[in-house]
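In case you want the letters, here they are:
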Amino acid sequence: MALQTTKFDIQGHLKTPEDRAAYLAAAFEEGDNAFIKQALNDIARAMGMTEVAKASGISREGLYKALGKKGDPKLSTLLGVAKALNVHLTVAPSEVAA
């Protein structure tokens, strides 16, 4: 008997602002551009792309394009999406090995 599995969808785990912020923070900690963009995409889809687009001041199509596989969001897009997602981006020094 073969094991049946279902495709994992992160959106079901991004219901609260805390969950979304933790996911995005983990993506930024990794420092991988593709992962950060994917995390933003996942969170925006979980919240509703139309609502995020309106709140960020970006067209829905522009948001899909910026956060898509070939997208390269500008800083203004990143800041607009962060505002729409109700997350606060912070900066801290990297830990330097002594």
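Residues numbered from 1 in each chain as written. Predicted model: local features only at pLDDT ≥ 70, side-chain atom pairs only at ≥ 80, totals over all residues. Heavy atoms only, no water.

Draft legend 1. Structural detail: the overall build of the protein. Assigned secondary structure in the protein consists of 5 helices and 0 strands. Taken over the C-alpha atoms alone, the protein extends approximately 50 × 45 × 30 Å along its principal axes. Burial analysis of the protein (98 residues in total) assigns 34% to the buried set. Across the protein, every contact between residues at least 6 apart in sequence was considered, and the portion connecting residues at least 24 apart equals 47%. (Helix = DSSP H or I, 4+ residues; strand = E, 2+ residues; numbered from the N terminus. Buried < 20%, exposed > 50% of the residue type's maximum accessible area, 1.4 Å probe, protein only. Contact = heavy atoms within 4.5 Å.)

Draft legend 2. Looking closely at the packing of aromatic side chains. Taken as a whole, this structure holds 1 aromatic pair when the rule is applied. Geometrically, the ring pair formed by Y23 and F35 is edge-to-face, given 6.0 Å between the ring centres and 65° between the ring planes. Of this pair, Y23 sits in helix α1 (residues 17-30) while F35 sits in helix α2 (residues 33-47), and the two are 12 residues apart along the sequence. (Phe/Tyr/Trp six-rings, centres within 6.5 Å; stacked < 30°, edge-to-face > 60°.)

Draft legend 3. Structural view of the nonpolar core. Ranked by internal contacts, the top residues of the largest apolar core, which has 22 residues, are L40, V52, L63, V81 and L85. Elements with a contribution of two residues or more to this core: α1, α2, α3 (49-56), α4 (60-67) and α5 (75-84). If you tally residues by element for this core, the top one is α2, at 5 residues. Excluding residues that lie within four positions of it along the chain, V52 makes contacts with A44, M47, L63, V81, A84 and L85. (Core = buried A, V, L, I, M, F, W, Y, C linked by side-chain atoms within 4.5 Å.)

Draft legend 4. Structural view of the environment of A84. Here A84 shows up in helix α5. The class of A84 is buried, set by a relative accessible area of 11%. Between the alpha carbons of A84 and L14 there is a distance of 15 Å; along the sequence they are 70 residues apart. Leave out the neighbours within four places in its chain, and A84 touches M47, V52, A55 and S56.

Draft legend 5. Molecular detail of the side chain of S56. Position of S56 relative to the elements: it lies in helix α3. A distance of 3.1 Å separates the side chain of S56 from the backbone oxygen of A53, its partner in a polar contact. Dropping the residues within four chain positions of it, S56 is found in contact with G80, V81 and A84. (Polar contact = N/O pair within 3.5 Å; in protein donor to acceptor, adjacent residues only side chain to side chain.)

Treat this as a map of the structure, not an account of what it does.
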